[in-house]
Amino acid sequence: MGRTVKGRGKRYEPRPVQRIELSEENKSKRAIASVLFLIIGVALLVYCFVVFITPERGWTVIKADSTENDSYDFVFNYYLGADGGDTRAENRSVTALYNRTAEKVSRLFDENRDFDGIVNIHTLNGSPNAEFEVDEVLYKVFSLFSEYKSRYLYAAPIYSRYENLFYCDDDSLLSDFDPLISEEVREEYKNTARYANDPAMVDLKLLGGNRVRLFVSEEYLSYAEKEGITDFIGLSWLKNAFEIDYIADEMIRNGFTHGAVSSVDGFIRNFDRGSEFYALNVFDGSGEEAYLAGSMNYRGERAIVCMRSFPIRGGEERRYYVLDSGEIRSVYLDSEDGIPKNAVGSLISYSREKSCGEVLLEIMDIYIADSFDGSKLTCLADEGIFSVYCENDVIVYNDEELTFSGLYKGDDKEYTLKMVE
């Protein structure tokens, strides 16, 4: 089809191109114009970069750009510009520090791999009865277990077997790992627990100066070889509590005091020293039924530990397995016999002064038990560890400064509040 000019009956013929000679004056003007346009273009580019790249003042999610850490388990929020500084520089500094701390602590707590120049948990398990100097971060964690007289560190061989349960595709595969289904597995866990809970069989010796020795008796070594045990100690599901403690402490130590880091498995370190209020959902449930009973509201620094016997969202397959019958298996094993237990559906405990690791070591034996004793939580309140739990459609709490909102009210259920002293 020929190109025609509208309203004319003949083909359009463009005018011939004329060659125009530029004078020196025109050339100079063109050069000046080019430079001017270049300057304007660069200025616009810089402006766009500043507008779109420089983060605004306020809350932002800090992401680790390294894959050599456990940050996929964490959500780190930080309030940029709270002290009036350059938000871009602050964002860069906080992100860099987050990467360093997350990578360091994940390597120290790694139970499956060695890293050059690092003595970690895997290193200690691979060389029982040898003396090592460990990083002070790892030494501090080991010292906490010793201080709280907790033997949970030594339940690692049971967890190494039990945690395979969460990767089963169907119930028919559970019998190799579930002590509530298999009597044989139950007996194996019980036998291993006897060794794990006996300091004469296995004990992590703290020698001072960050030096340790993982003592393992000849009897236990013989048993371990027979049973294929290679992990004598480990943090298992407790690991993230100590990891976010380290991340939060390092942020504070470096002057970054307006953030909160949480893990998918219920550990939260809020190190925001501002006046902003926070809300944390309180869940209640048994079996496959779960209710959002309400929200607890607080302000200021907190170390929070949330333990619950049921899943509330997708992506929790590493912590819960729901059987066809509706029964649920969780990660919480009793270190005395290797049986999964929970004394109450969910428990939230927190402190303004203590770390997540300290709170966890205080409440574990209360939660992972055959029966629930709320009076023990009352005693912990005297030590600055407060708690929230649900009982018969009542949210029970023991911190008079705590407030609640959004209490659930439905056709079949309604939650109320009860303060205990």
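Computed from a prediction, not measured in an experiment: that's the story for all the values here.

How each quantity is defined
Residues numbered from 1 in each chain as written. Predicted model: local features only at pLDDT ≥ 70, side-chain atom pairs only at ≥ 80, totals over all residues. Heavy atoms only, no water. Helix = DSSP H or I, 4+ residues; strand = E, 2+ residues; numbered from the N terminus. Buried < 20%, exposed > 50% of the residue type's maximum accessible area, 1.4 Å probe, protein only. Pairing = 2+ DSSP bridges. Axes fitted to C-alpha atoms, helices over the stretch in contact; angles between N-to-C directions. Contact = heavy atoms within 4.5 Å. Phe/Tyr/Trp six-rings, centres within 6.5 Å; stacked < 30°, edge-to-face > 60°. Lys NZ or Arg CZ within 6 Å of the ring centre and 35° of its normal. Parallel < 35°, antiparallel > 145°, perpendicular 65-115°, else oblique. Left-handed = near helix turned anticlockwise from the far one by under 90°. Nonpolar A, V, L, I, M, F, W, Y, C, P; charged D, E, K, R; others polar.

Participant: Talk me through the overall build of the chain; I want residue IDs and the actual numbers.
Facilitator: When helices and strands are tallied, the chain shows 10 helices and 17 strands. With 421 residues in all, the chain has 48% of them scored as buried.

Participant: Any chance you could break down the sheet that holds strand 7 (residues 267–270) for me, citing the residues and the numbers?
Facilitator: Pairing is mixed in the open sheet, where nine strands are placed in the order 1-2-6-7-10-13-14-15-17. What marks the edges here is a single partner per strand, and that holds for strand 1 (58–62) and strand 17 (416–419). Averaged over neighbouring strand pairs, the angle between their axes works out to 15 degrees when direction is ignored. The pairing of strand 10 (residues 302–308) with strand 13 (residues 346–351) spans six bridges and is antiparallel. For Met 307, the partnering residue across the bridge sits in strand 13 and is Leu 347. Contacts between helix 2 (residues 87–108) and the sheet are confined to strand 1 and strand 2 (74–80), with strand 2 contributing the most and set at about 155 degrees to the helix. Contacts between helix 10 (residues 374–381) and the sheet are confined to strand 13 and strand 14 (385–391), with strand 14 contributing the most and set at about 155 degrees to the helix.

Participant: For the pairing of strand 2, give the residues involved together with the corresponding values.
Facilitator: Burial of strand 2 is extensive: five of the seven residues sit out of reach of the surface. Looking at chain direction, strand 2 and strand 6 (residues 259–263) are connected through five bridges and run antiparallel. The residue bridging Asn 77 from the neighbouring strand is Ala 260, located in strand 6.

Participant: How would you summarise the packing of aromatic side chains if you had to cite specific residues and measurements?
Facilitator: Counted by the stated rule, this structure contains 23 aromatic pairs. Ring geometry for Phe 76 against Tyr 98: centres 4.9 Å apart, planes inclined by 65 degrees, an arrangement best described as edge-to-face. On the criterion of sequence distance, the pair formed by Phe 76 in strand 2 and Tyr 98 in helix 2 is long-range, its members being 22 residues apart. Each member of the pair, Phe 76 as well as Tyr 98, carries the same accessibility label: buried. Grouped by ring-pair contacts, the aromatic residues Tyr 152, Tyr 159, Tyr 162, Phe 166, Trp 237, Tyr 332 and Tyr 367 constitute a single cluster. Against the face of Tyr 154 rests Arg 151, its NZ or CZ located 3.9 Å from the ring centre. The positively charged end of Lys 413 is found above the aromatic ring belonging to Tyr 291, 4.8 Å away from the centroid.

Participant: Break down the packing of helix 4 (residues 136–147) against helix 8 (residues 239–253) for me, citing the residues and quoting the values.
Facilitator: Direction vectors running N to C along helix 4 and helix 8 enclose 125 degrees, while the axes themselves pass 12 Å from each other. As summarised for this structure, helix 4 and helix 8 are arranged oblique, according to the angle between their axes. Relative to helix 8, the crossing made by helix 4 is right-handed. Side by side, helix 4 and helix 8 meet where Val 137, Lys 140, Val 141, Leu 144 and Phe 145 of the first sit next to Phe 242, Tyr 246 and Asp 249 of the second. Looking at side-chain class alone, the contact of helix 4 with helix 8 contains six nonpolar, no polar and two charged residues.

Note that every value here comes from positions in space, so none of it alone points to a role or purpose.
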